[in-house]
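The residues making up each chain are set out below.
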Amino acid sequence: PPTARPPAAPATRPAPAPAPVAPTPLRPAATRAAFPTFSSLAELETHAKTCERCVLAKRRKGVVPSGGPEKADWAILTLYAWAEDLERGQILAGSYAAPLLDMAKSIGLGAPAATAIFGCTPDDPADTTIQGFTEAVRCRGHWLQRLKLSGCKAILVLDHKATMLARGPSAPVEWPAFRGQKWEIDGIPAISTHHPTR
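Figured I'd write up the structure that's included with this text.

Conventions we followed
- Residues numbered from 1 in each chain as written.
- Predicted model: local features only at pLDDT ≥ 70, side-chain atom pairs only at ≥ 80, totals over all residues.
- Heavy atoms only, no water.
- Buried < 20%, exposed > 50% of the residue type's maximum accessible area, 1.4 Å probe, protein only.
- Helix = DSSP H or I, 4+ residues; strand = E, 2+ residues; numbered from the N terminus.
- Pairing = 2+ DSSP bridges.
- Axes fitted to C-alpha atoms, helices over the stretch in contact; angles between N-to-C directions.
- Parallel < 35°, antiparallel > 145°, perpendicular 65-115°, else oblique.
- Contact = heavy atoms within 4.5 Å.
- Core = buried A, V, L, I, M, F, W, Y, C linked by side-chain atoms within 4.5 Å.

Turning our attention to the pairing of strand S7 (residues 182–185). Two faces, one strand: in a regular strand the side chains alternate between the faces of the sheet. The side-chain alternation of S7 yields one buried face, formed by Trp183 and Ile185, and one unburied face, formed by Lys182 and Glu184. Both S7 and strand S8 (residues 188–193) contribute to a ladder of four bridges, which runs antiparallel. Paired with isoleucine 185 across the strands is isoleucine 188, a residue of S8. Here S7 folds back onto S8, and the loop between the two strands holds two residues, one of which, aspartate 186, carries a positive phi near 50 degrees.

The six strands lie next to each other as S2-S4-S3-S6-S8-S7, forming an open sheet whose pairing is mixed. The open sheet terminates on both sides in strands that have one partner only, identified here as strand S2 (66–67) and S7. Bridge analysis of strand S3 (residues 74–78) against strand S4 (residues 113–116) gives four bridges, and the strand direction is parallel. What sits directly across from leucine 77, in S4, is threonine 115.

Right, let's get into the packing of helix H4 (residues 133–150) against helix H5 (residues 160–167). The geometry of H4 relative to H5 is characterised by a closest axis approach of 9 Å and an angle of 80 degrees between their N-to-C directions. In terms of their interaxial angle, H4 and H5 are classed as roughly perpendicular. Along its contact with H4, which presents Phe133, Ala136, Arg140 and Trp143, the element H5 presents Met164, Leu165 and Ala166.

With that out of the way, let us pick up the nonpolar core. Leu77, Ile117, Phe118, Trp143, Ile155, Val157 and Ile185 are the most contacted members of the largest nonpolar core, which totals 30 residues. Every element with two or more residues in this core is listed here: S3, H4, strand S6 (154–158), H5, S7 and S8. The element that contributes the greatest number of residues to this core is H4, accounting for five residues. Every residue in contact with isoleucine 185, bar those within four places of it in the chain, is listed here: Leu77, Trp143, Leu144, Leu147, Ile155, Val157 and Ala190. Grouped together as the second largest cluster of nonpolar side chains are 14 residues, Val64, Trp74, Ala97 and Leu158 included.

Let's shift gears to unusual backbone geometry. Here tryptophan 175 and proline 176 are connected by a cis peptide whose omega angle stands at 10 degrees. Mapping proline 176 onto the fold places it in the loop between H5 and S7. A positive phi angle, near 65 degrees, is found at leucine 92, a position not held by glycine. Structurally, leucine 92 can be placed in the loop between helix H2 (83–88) and helix H3 (98–106). For leucine 92, a relative accessible area of 7% corresponds to the buried category. One non-glycine residue, aspartate 159, lies in positive phi territory at about 100 degrees. Relative to the helices and strands, aspartate 159 is located in the loop between S6 and H5. Residue class for aspartate 159 comes out buried when judged on its relative accessible area of 12%.

Function cannot be read off these values alone, since they describe shape.
Structure representation (structure tokens):
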């Protein structure tokens, strides 16, 4: 007997193509406000005390962005203000720095301008997670302008970590082999050495 065929499926029309959707315009990436240019050390220090560019704004014990005279033939760049520095409100004001400054004076150098990689001293100096390249970059506008405002012709960088952060992640620092080698910070000759407390 002839095989029964299943009933034919009802004819269907293809689903209409979805209407084209206009692309959503891309929002520009969030940009951080341009770093201001300071005409004086007083302006720089005022800005540093209200700066909120990095996590240290909420994790700082105090703000001490500079020390020494406003103008100087040479400058010192260090990591941040130590306890005595915080109490006296000046970078390198603590007794730990006296032997270094006395030695410089004995060979005819005037007082140096001084500044720090971090204008803010961390509330927990042992917490290195808030002392990295991100924070150093956020603060660079402060310490680099401080060096420029001083008119210094040479910079002494104190400590391996300060050297590493000033140079950036693309310029590794093998310590202590790097100590005493000449390099540059934005065109200014620099040499690194141990921190006086060491």
